[in-house]
Amino acid sequence: MKRLRRPAAPRATLRLMMIAVLAIVVALLSSPTADAQPFGSWIVLANATPGYVRVLHSPALNPTAGLTVEGWVAVPAVPTTQCRSIIGKNYLQTWWVGFCGNTLRSFVRGMPSVRDAGTIADNDWHHFAVTYNGAIRCHYVDGVQVQCWAEPGGALPTNTAEVRIGSDVAWPFTPTGSINEIRLWSVGRTVSQIRSTINVPITAPQAGLVAVWAGGGPADVVGPHDGMLVGDVFALTFPVTNLPCSNTATSLCLHGRFGVSVDWRTSPSNAGVGHLTPLVSSQSGVFWFFNSSNWELMVKVLNGCPLNNRWWVFSAATTNVYYRMKVLDRHAGVQKIYFNYQGPPAAAVTETGALATCP
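Residues numbered from 1 in each chain as written. Predicted model: local features only at pLDDT ≥ 70, side-chain atom pairs only at ≥ 80, totals over all residues. Heavy atoms only, no water.

Engineer: Explain the state of the cysteines here, please?
Structural biologist: One covalent bond between the sulfur atoms of two cysteine residues makes up a disulfide. With the rule as written, the count across this model stands at four disulfides. The side chain of Cys 83 participates in a disulfide bridge whose partner is Cys 100; the two sulfur atoms lie 1.9 Å from each other. Residues Cys 83 and Cys 100 share a disulfide whose torsion about the S-S bond is about 105°; that sign makes it right-handed. Taken together, the positions of Cys 83 in strand E5 (residues 83-88) and Cys 100 in strand E6 (residues 96-100) put the pair 17 residues apart, joining distant regions of the chain. Disulfide pairing is shown between Cys 305 and Cys 358; the S-S distance is 1.9 Å. Residues Cys 305 and Cys 358 share a disulfide whose torsion about the S-S bond is about -85°; that sign makes it left-handed. (Disulfide = S-S within 2.5 Å. Helix = DSSP H or I, 4+ residues; strand = E, 2+ residues; numbered from the N terminus.)

Shown next as structure tokens:
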């Protein structure tokens, strides 16, 4: 754990603040779902010891013709009467994204424009996206379109408020949990565009891309919109261990270091995790979803380090249901996540540049 900033405070107060945040860190590390995040480090926030990333106003942070706000969060649900800010630029006037209860909420034209749809607050990592293309606003969770609404036409409103990650100038209620890879676009991205970069870090400018706060902030890795840390904000990565892993009923261990797990769903009320079949070796394994005689997904990790200094990830599936496959390198604390979306037959994964964690 890396302490990014410590505000001036009496020693006893600091000790209590550290205890509170360390408790959150331990909870995240011990959670079986805390391994669904696809990029390097992330910021950890605590509602009891508020902290956030502050980004000073710039006209570019007020997209008017279109808007996409996306990122990764791992937060617990709060009572439905409470809301927490993920990122905002004064929800009373312009745009804001957060959650109330366990539901994704957004504003694009100030308070009258409130919309709710999509479950994100279950203490698991989820990718969210809110898009507006000048006529339609949509919510996405993990690359799946949850709901869309027709919106009034015309330019979006602007203001001179600062952007806050983990807060908002008009709703300074910090979530308890983690935020990663926040991206702001001046266009309403399509579902195919969202999916094309959902598990790919963006480190260079692209058309319509305003800012990328990698790791949740504070640095903008594609532009000039760097932020500053306010209050208690911590950085966290996956724990690194050289101890060998082992297979479980729902987790595959490859090369003694790569943990592979899968979760699936056919509808909000019908979901589960993949289970290992007996067909397992040190380099590959097979998962079933619905019953042990109906195999769904084969996955393997190959050592391509002598060829291109990468570990390779391959998979093949005999299914058309939604699933999320997570490959975690325990030796490096790095993970890659792959999605299949319900409908067409699952495409094979043949990524020869998956993990730059050699040897």
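Engineer: Quick question: what am I supposed to make of the packing of aromatic side chains here?
Structural biologist: Summed over all chains, the structure comprises 17 aromatic pairs. Measuring from ring centre to ring centre gives 5.4 Å for Trp 96 and Phe 107, while their planes differ by 70°; the resulting arrangement is edge-to-face. Here Phe 107 lies in strand E7 (residues 103-107) and Trp 96 lies in strand E6, a separation of eleven residues in the sequence. Here Trp 96 and Phe 107 have matching classes, each one buried. Taking 6.1 Å as the distance between ring centres and 55° as the angle between the ring planes, the aromatic pair formed by Tyr 322 and Tyr 341 counts as tilted. (Phe/Tyr/Trp six-rings, centres within 6.5 Å; stacked < 30°, edge-to-face > 60°. Buried < 20%, exposed > 50% of the residue type's maximum accessible area, 1.4 Å probe, protein only.)

Engineer: In this structure, what is going on with the pairing of strand E21 (residues 284-288)? I would like to understand it.
Structural biologist: The side chains of a regular strand alternate, first on one face of the sheet and then on the other. The element E21 is extensively covered by neighbouring structure, given that four of its five residues are classed as buried. Bridge count for strand E20 (residues 275-280) against E21 is three bridges, and the pairing is antiparallel. Bridge pairing in E21 places Val 280 opposite Gly 285. Here E21 runs beside strand E22 (residues 295-303); their pairing, made up of five bridges, is antiparallel. Across the sheet, residue Val 286 finds its bridge partner in E22, namely Met 298. What sits between E21 and E22 in their antiparallel hairpin is a turn of six residues. (Pairing = 2+ DSSP bridges.)

Engineer: Mind showing me how you'd approach the nonpolar core here?
Structural biologist: Where a protein is soluble and globular, its nonpolar side chains tend to be buried together. Counting 34 residues, the largest nonpolar core has Ile 86, Ile 87 and Trp 213 as the members making the most contacts within it. Contacts of Ile 86, omitting those with residues within four sequence positions, involve Val 73, Val 97, Gly 98, Phe 99, Ile 120, Phe 128, Arg 164, Ile 165, Gly 166, Ser 167, Ile 179 and Ile 182. (Core = buried A, V, L, I, M, F, W, Y, C linked by side-chain atoms within 4.5 Å. Contact = heavy atoms within 4.5 Å.)

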